[in-house]
Amino acid sequence: MSGKFEEIMAASKLSELLQKKDEDHTKKVIVWVLAIIGAVAAVAAIAYAVYSFFTPDYLEDFEEDFDDDFDDDFFDDEDEVE
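Remember, it's a predicted structure, so these values are computed and weren't measured experimentally. (Residues numbered from 1 in each chain as written. Predicted model: local features only at pLDDT ≥ 70, side-chain atom pairs only at ≥ 80, totals over all residues. Heavy atoms only, no water.)

Colleague: Explanation requested: the overall build of the chain in the structure shown.
Modeller: Counting its regular elements, the chain contains two helices and zero strands. Residue burial in the chain is summarised as follows: out of 82 residues, 0% are buried. Carbon together with sulfur atoms contributes 65% to the accessible area of the chain, which is approximately 8100 Å² in total. (Helix = DSSP H or I, 4+ residues; strand = E, 2+ residues; numbered from the N terminus. Buried < 20%, exposed > 50% of the residue type's maximum accessible area, 1.4 Å probe, protein only. Areas by Shrake-Rupley, 256 points an atom, 1.4 Å probe, with all protein chains shown as cover.)

Spelled out as structure tokens, the structure:
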């Protein structure tokens, strides 16, 4: 009878070890997936920062030219009316 009990205990310990090993494997997979996602996000952020740094801002030049032309024409017309 004690032989059966020892076999049951050994089987339960083996089952616990296998379950623990499976949980550890699942945790490792999750950590690796999150690490890969984080690395891809970091590379994308760096690429966007480099792109925005080296891309010239054409809109800023256009707004300055437009404001200068508009202000000159507007004030010139008012001076002539008076």
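Colleague: Quick question: what am I supposed to make of a nonpolar patch on the surface here?
Modeller: Residues V29, I30, V33, L34 and I37 make up a contiguous nonpolar surface patch of roughly 450 Å² in combined accessible area. With respect to the helices and strands, V29 occurs in helix α1 (residues 2-54). According to the relative accessible area criterion, V29 is partly exposed, its value standing at 40%. (Patch = residues over 30% accessible without salt bridge, like charges linked within 9 Å, V, L, I, M, F, W, Y side chains within 5 Å. Salt bridge = Lys/Arg side-chain N within 4 Å of Asp/Glu carboxyl O.)

Colleague: So what exactly am I meant to see when it comes to the packing of aromatic side chains here?
Modeller: Here the distance between the centres and the angle between the planes together describe a pair of aromatic rings. Going through the model one piece at a time under the given rule, you end up with one aromatic pair. For the pair F53 and F54, a centre-to-centre distance of 5.1 Å together with 80° between the ring planes defines the contact as edge-to-face. Residue F53 is classed as exposed on the basis of its relative accessible area of 65%. Among the residues examined, F54 registers a relative accessible area of 63% and is labelled exposed. (Phe/Tyr/Trp six-rings, centres within 6.5 Å; stacked < 30°, edge-to-face > 60°.)

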